[in-house]
Amino acid sequence: MRRKWRVVVCLTVIFILYVSYKILEPDIKREIIQADSIIKEVPVVMEDNSRLSEEEADTDVEKLVKELQKKYWINFHYPLKDSPWRVAEKMVTEREVHPEYAPEIGSILKAMATRKILSADTGYKGTQLKLTLILEGGQIVAFKPRWYGREEIFTETPYSGADRHNGEIAAFHLNRIMEFRRTPLAVGRKINLNTEIIPNGSEQLLKTFFVNGSNTCFYGKCYYCKGEETGVCGEEDILEGAVILWLPRAYPLKTHRHPWARTYVTGKLAQWEKDPNYCTAVQASHIYSQGPRLLDLIDTAIFDFLIGNADRHRYETLGNQMESVFLMLDNGKSFGNPFHDEISILAPLYQCCIVRDETYKRLLTLKNGVLSKVLRQVLKQDPISPILAEQHYPALDRRVTIVLEKIQTCIDKVPGKTVLVGKKGS
């Protein structure tokens, strides 16, 4: 009996709920429609992830720039426990001119820029005018004089003009930032020809001195040094130039012909300019098929492309061993035209399609304007700053992008080929 009453009560409740819903159904639907229309009218606020990521990227770049500027900042007052010349000599190894961490560089550069000149002579060999100086303490240095203003642009050939002294200074610091460490130390200096050079000059050098108006001049001795018409003049007695540290005698230099040298003859192409498979012939030589030499050469091609140096027809190594480092010397034909990118300088890279993985990673680190920002701040410290005209800085950033594109083309062109070579292969 109780069960029947329970069933009756449940049915009655269900019936009442059903009737109530039917009565209220029109109002419920009307409220749902209104609510839906309100929701559609409210604008959807979405987080601007693209803007956020750009801001984060800019922050990351600025953070990286500050870290690198701090790393490569020059401390001209760093205390040395020995003569700057002995410190510099001890830095050199078969694979680098100085170590990655070398705060002593600042004090060595300061000595190069300020130490008394004990003797002066004509430059050692070469096609370009330079002086060989001995500084107080017995250190031999080369002095490359200023020929041009910072704004001078060379448009004839990528190797036109005389050496740019400021290019030597910029190249040294760029080499540090690229972590190659294969360029001798270089710093700017202004010398007084009448009080520092003439009293200490060799007879051979002094014979080439002359006066042009109120300016003291000389033409020295070199392949292109033909007389007064080829001479260089100071501003009255003062001549600006770059002082380049001589490498220690314990590491005699060995000169080699560069396999990607130019002919320097108008209308005559070198074999590498005609044969896209030229690298195969180069690798047939044991010098380039074993050891680090070919990878050193490709590092140098990348470096030369960044600075616009198309004049590396020969190269030097520290000694004559298979492991001897390919030095990046004589960088005077650099920073000549910031509006032209001489792609042919990269021929060793795009014909051989191999590069050190660490060089590739370094380029990735220095893209997006990082390189120019770091180098600009470092060069501000040089005694004859500014070193480069402003238009050279965006050119450097543009060229970093071009090198990365060439490497990516190599990676895409030959699937399965090892383009990026690790330390075991270097």
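Structure: above.
Residues numbered from 1 in each chain as written. Predicted model: local features only at pLDDT ≥ 70, side-chain atom pairs only at ≥ 80, totals over all residues. Heavy atoms only, no water.

Asker: It is not clear to me how the overall build of the protein chain should be interpreted in this structure. Could you clarify?
Answerer: Regarding its fold elements, the protein chain presents 15 helices and 12 strands. Here the protein chain, with 426 residues, has 48% of them falling under the buried criterion. At a minimum sequence separation of 6, the contacts of the protein chain that also span at least 24 residues come to 73%. Element-wise, carbon and sulfur atoms account for 54% of the exposed surface of the protein chain, whose accessible area totals about 22900 Å². (Helix = DSSP H or I, 4+ residues; strand = E, 2+ residues; numbered from the N terminus. Buried < 20%, exposed > 50% of the residue type's maximum accessible area, 1.4 Å probe, protein only. Contact = heavy atoms within 4.5 Å. Areas by Shrake-Rupley, 256 points an atom, 1.4 Å probe, with all protein chains shown as cover.)

Asker: Before we go on, may I ask you to explain helix 5 (residues 165-177) in this structure?
Answerer: Each α-helix turn comprises 3.6 residues. Residues three or four places apart therefore point the same way. With 13 residues, helix 5 extends 19 Å between its outermost C-alpha atoms, agreeing within 8% with the 18 Å of an ideal straight helix rising 1.5 Å per residue. Across the 13 residues of helix 5, 13 count as buried, placing the element largely inside the fold. Where helix 5 terminates, the next one or two residues include Glu179, which has phi positive at roughly 65°. (Expected span 1.5 Å × (residues − 1).)

Asker: Even after reading the chapter, I still don't get the packing of aromatic side chains, so can you show me in this structure?
Answerer: Here the distance between the centres and the angle between the planes together describe a pair of aromatic rings. Scanning all chains against the criterion turns up 8 aromatic pairs. When the ring of Phe210 is compared with that of Tyr219, the centres are 6.4 Å apart and the planes differ by 35°; the resulting orientation is tilted. For the ring pair Trp260 and Tyr278, a centre distance of 5.4 Å and an interplane angle of 80° mean the geometry is edge-to-face. With Trp260 in the loop between strand 9 (253-257) and helix 8 (271-274) and Tyr278 in helix 9 (residues 278-283), this pair connects stretches of sequence that are 18 residues apart. The pair Trp260 / Tyr278 is uniform in exposure class, with both members buried. Positioned over the ring face of Phe154 is Arg164, at 4.3 Å from the centre of the ring. Cation over ring: Arg376 sits above Tyr393, and NZ or CZ is 4.4 Å from the ring centre. (Phe/Tyr/Trp six-rings, centres within 6.5 Å; stacked < 30°, edge-to-face > 60°. Lys NZ or Arg CZ within 6 Å of the ring centre and 35° of its normal.)

Asker: For this particular structure, what's the right way to read the sheet that holds strand 7 (residues 232-233)?
Answerer: Two pairing modes exist for strands in a sheet, parallel and antiparallel, and in both the strands are linked by backbone hydrogen bonds. What the 3 strands build is an open sheet, ordered 5-6-7; its pairing is antiparallel. Of all strands in the sheet, those with a lone pairing partner are strand 5 (209-212) and strand 7, marking the two edges. Two elements, strand 6 (residues 215-218) and strand 7, share 2 bridges in a ladder whose sense is antiparallel. Bridged to Cys217 within strand 7 is Cys233. (Pairing = 2+ DSSP bridges.)

Asker: Before we go on, may I ask you to explain the pattern of salt bridges in this structure?
Answerer: Side chains that differ in charge, positive against negative, can pair when their charged atoms come close. The final tally for this structure, using the stated rule, is 27 salt bridges. With its nearest N and O atoms 2.9 Å apart, the salt bridge here joins Glu62 to Lys373. One end of the pair, Glu62, is in helix 2 (residues 49-72); the other, Lys373, is in helix 14 (residues 370-379), with 311 residues separating them in the sequence. A salt bridge links Arg398 to Asp341, with the shortest nitrogen-to-oxygen separation between them at 2.8 Å. One end of the pair, Arg398, is in helix 15 (residues 392-413); the other, Asp341, is in the loop between strand 10 (314-318) and helix 12 (347-352), and 57 residues separate them in sequence. The exposure class of Asp341 is buried, given its relative accessible area of 18%. Here the residues in one salt-bridge network are Lys71, Glu96, Glu100, Glu179, Arg181 and Arg362, joined through shared partners. (Salt bridge = Lys/Arg side-chain N within 4 Å of Asp/Glu carboxyl O.)

Asker: What is the right way to read the environment of Phe326 from this model?
Answerer: Mapped onto the fold, Phe326 is located in the loop between strand 10 and helix 12. Note: C-alpha distance between Phe326 and Asp299 (27 residues apart in sequence) is 9.3 Å.

Asker: Quick question: what am I supposed to make of the pairing of strand 5 here?
Answerer: Two strands pair when backbone bridges link them, and strand 5 and strand 6 are joined in this way by 4 bridges, in the antiparallel orientation. Bridge assignment links Asn212 to a residue of strand 6, and that residue is Asn215. Remark: 2 residues form the turn of the hairpin made by strand 5 and strand 6, two consecutive strands paired antiparallel; Gly213 in that turn has positive phi of roughly 65°.

Asker: Just checking my understanding: could you explain the state of the cysteines for this structure?
Answerer: Covalent bonding between the sulfur atoms of two cysteines is what defines a disulfide. Enumeration over the complete set of coordinates arrives at 4 disulfides. A disulfide bridge connects Cys217 with Cys233, and the sulfur atoms are separated by 2.0 Å. What sets the handedness of the Cys217 and Cys233 disulfide is the S-S torsion sign, and at about 100° it is right-handed. In this pair, Cys217 sits in strand 6 while Cys233 sits in strand 7, placing the two residues 16 residues apart along the sequence. Between Cys353 and Cys410 runs a disulfide, and the two sulfur atoms are separated by 2.1 Å. On the S-S bond that ties Cys353 to Cys410, the torsion sits near -75°, and the link is left-handed. (Disulfide = S-S within 2.5 Å.)

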